[in-house]
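Listed below, chain by chain, are the residues.
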Amino acid sequence: MSNTNKIRNKFDRLTGQAKQFAGETLGDRRMAGAGRRKQLKADLKDVGEKLKDAIGSGRTRRTRRPRIDTKR
């Protein structure tokens, strides 16, 4: 995962938590819901980045299979 995406996702999660807390404190359900959505969005992006990393690292470790001659 690139560091900028990782930092951006963490920042989005923290801002979502702050927005949720502010909404709950002020009694604003819409703001609290927006904060929860922002947290969920950041979490999903983080999972997507980790998945891309896992797929990308799997490609680099793969070795070529030996060629099997079927003609005898």
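Starting afresh in each chain, residues are numbered from 1 along the sequence in its written order. Given that this is a predicted model, residues contribute local features only at a pLDDT of at least 70 and side-chain atom pairs are listed and counted only at 80 or more, while totals for whole chains, interfaces and linings are drawn from all residues. Side-chain numbers here rest on the full set of heavy atoms in the structure, without hydrogens or water.

A. A look at the overall build of the chain. What counts as a helix is a DSSP run of H or I of at least four residues, what counts as a strand is a run of E of at least two, and both are numbered from the N terminus. When you go through the chain residue by residue, the secondary structure sums to two helices and zero strands. Using a 1.4 Å probe on the protein chains alone, a residue whose accessible area is under 20% of its type maximum counts as buried, one over 50% counts as exposed, and one in between counts as partly exposed. When burial is assessed residue by residue, the chain has 17% of its 72 residues classed as buried. Within the chain, residue pairs in contact and separated by at least 24 positions form 47% of the contacts whose partners lie at least 6 positions apart. When the accessible surface of the chain is split by element, carbon and sulfur atoms take 54% of a total near 6,700 Å². Residues count as neighbours in contact if any of their non-hydrogen atoms are within 4.5 Å of one another. Using the Shrake-Rupley algorithm and a 1.4 Å probe, accessible areas are obtained, with residue cover drawn only from the displayed protein chains.

B. The pattern of salt bridges, seen in detail. The term salt bridge refers to a pairing of a side-chain nitrogen on Lys or Arg with a carboxyl oxygen on Asp or Glu at a separation within 4 Å. Scanning the entire structure with this criterion turns up four salt bridges. In this structure, the salt-bridge partner of Arg-36 is Glu-24, at a minimum N-O distance of 3.7 Å. Here Arg-36, found in helix α2 (residues 29-61), pairs with Glu-24, found in helix α1 (residues 3-26); they are twelve residues apart in sequence, far enough to count as distant. Taking relative accessible area as the criterion, Arg-36 reaches 43% and is therefore assigned partly exposed. A salt bridge links Asp-46 to Lys-50, with the nearest nitrogen and oxygen atoms 3.9 Å apart.

C. Here's a closer look at α1. Working rule for helices: expected span equals 1.5 Å times residues minus one. Taking 1.5 Å as the rise per residue, α1 with 24 residues should run 34 Å; its terminal C-alpha atoms sit 34 Å apart, in good agreement. For α1, the full list of buried residues reads Asn-9, Asp-12, Gly-16, Gln-20 and Gly-23. Phi turns positive, to about 80°, at Gly-27, one or two residues after α1.

D. View of a positive patch on the surface. Patches were defined on residues exceeding 30% relative accessible area and lacking a salt bridge, with like-charge contacts within 9 Å and nonpolar side-chain contacts (Val, Leu, Ile, Met, Phe, Trp, Tyr) within 5 Å. In this tally Asp and Glu are treated as negative and Lys and Arg as positive; neither His nor the chain ends contributes. For charged residues, the charge sits on one atom: NZ in Lys, CZ in Arg, CG in Asp, CD in Glu. A contiguous patch of positive charge on the surface is contributed by Arg-8, Lys-19, Arg-30, Arg-37, Lys-38, Lys-41 and Lys-45. Elements with a contribution of two residues or more to the positive patch: α1 and α2. In terms of residues, the positive patch owes the most to one element, α2, which gives five residues. Within the secondary structure, Lys-41 is located in helix α2.

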